[in-house]
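The primary structure of each chain is shown beneath.
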Amino acid sequence: MSEKALATGSTCPPLKGNTLRLYSMRFCPYAERTRLVLAHYNIPHDVVNINLKQKPEWFLEKNPLGLVPVLEQGDNIIYESAICDEYLDEVYGKQSLLTSEPFERARQKILGERFNKVISPFYSLLRQSGDLNEAVNSLHKALDVFEELLTGKFFGGNTVGLVDYHMWPWFERFPLLSGLSGADILPANRFPKLNAWVAHMKALPAVKTAEISTELHGKFIEKHLKNEIPDYDIGMA
């Protein structure tokens, strides 16, 4: 399956029997969430990458929102990262990433919702828009919550959970953010537990499989910052 991003005027590659397919974009953190879950469970699948600036017409028939990730298998199509990932966890993992214990399951979902307070200042810094010092302060205050709430090796305890994978794509991009803003995004003296969590996450096979280097992230976002069409295939042969 070609992993180069398909754009307007392209033809959708035919499905291969009942093989699970992921429609993705290599640099999208939301799609990375689903790639992490697929890698965690070692789920056989193929990948079709999408040019999100020049979307194929056929892709909008699969997801009218025009966003990734999208899962397709046979006649079934699912989109939105949280929905895709819970589906994969239930079907392939018997809810081992998102515990079946009701209270703990609810607590982890609340953590995921609270992480939106991290995402907003993250993008202010990424776009270099507004008061950057204020954005850094807002990001640090949002991260203070997670520093306090992290009581184990991972946010779900001693084993990785869905909430960890849902947060990770933004932490993967923190070195890029530090380079762009000149700020220490995750200072060790303020966030010792989160820095330890980052080290644990980096050691996971799924994270190693899904990882894209800071250098490639930087080259991709550079086009965005110049209001140019990004190179979705950068770094590919």
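Up top is the structure.
Quick caveat: nothing in here was measured; it's all calculated off a predicted structure.

A. Structural detail: the nonpolar core. Of all hydrophobic cores here, the largest spans 54 residues; its most connected members are Phe171 and Trp197. Per element, the largest residue contribution to this core is 7 residues, and it comes from helix H7 (residues 162-172). Among all residues touching Trp197, those that are not within four sequence positions of it are Leu150, Lys153, Phe154, Phe155, Asp164, Met167, Trp168 and Phe171. By size, the runner-up hydrophobic cluster in this structure holds 17 residues, among which are Tyr23, Trp58, Phe59 and Val70.

B. Just the environment of Glu215, in detail. Mapping Glu215 onto the fold places it in helix H11 (residues 214-225). Along the backbone, Glu215 and Val68 are 147 residues apart, and their C-alpha atoms lie at a distance of 23 Å.

C. Looking closely at helix H5 (residues 116-126). Every buried residue of H5 is accounted for by Val118, Ile119, Pro121, Phe122, Tyr123, Leu125 and Leu126. Next to the buried residues of H5 lie helix H1 (29-40), helix H4 (102-114), helix H6 (132-149), H7, helix H8 (174-181) and H11. The positive-phi residue at the C-terminal boundary of H5 is Gln128, with phi of around 55 degrees.

D. Layout of the packing of aromatic side chains. Here the structure, examined in full by the defined rule, presents 16 aromatic pairs. Geometrically, the ring pair formed by Phe115 and Phe146 is edge-to-face, given 5.6 Å between the ring centres and 80 degrees between the ring planes. Of the two residues, Phe115 is situated in the loop between H4 and H5 and Phe146 in helix H6; the sequence distance between them amounts to 31 residues. On the basis of relative accessible area, Phe146 is assigned to the buried category, the value being 2%.

E. How the structure looks around the sheet that holds strand S2 (residues 45-49). Taking strand neighbours across the sheet as the criterion, the 4 strands line up as S2-S1-S3-S4 in an open arrangement whose pairing is mixed. For this open sheet the edge positions go to S2 and strand S4 (76-79), each flanked by a neighbour on one side alone. The sheet shows a mean angle of 20 degrees between the axes of neighbouring strands, taken without regard to direction. Pairing between strand S3 (residues 70-73) and S4: 4 bridges, direction antiparallel. Each bridged residue has a counterpart across the sheet, and for Leu71 the counterpart in S4 is Ile78. Contacts from H1 reach strand S1 (20-24), S2 and S3, with the element oriented near 150 degrees to S1. On the sheet, helix H3 (residues 81-92) packs against S1, S3 and S4 and is oriented at approximately 125 degrees with respect to S4.

What counts as what
- Residues numbered from 1 in each chain as written.
- Predicted model: local features only at pLDDT ≥ 70, side-chain atom pairs only at ≥ 80, totals over all residues.
- Heavy atoms only, no water.
- Core = buried A, V, L, I, M, F, W, Y, C linked by side-chain atoms within 4.5 Å.
- Buried < 20%, exposed > 50% of the residue type's maximum accessible area, 1.4 Å probe, protein only.
- Helix = DSSP H or I, 4+ residues; strand = E, 2+ residues; numbered from the N terminus.
- Contact = heavy atoms within 4.5 Å.
- Phe/Tyr/Trp six-rings, centres within 6.5 Å; stacked < 30°, edge-to-face > 60°.
- Pairing = 2+ DSSP bridges.
- Axes fitted to C-alpha atoms, helices over the stretch in contact; angles between N-to-C directions.

Shape is all these values report; function is a separate question.
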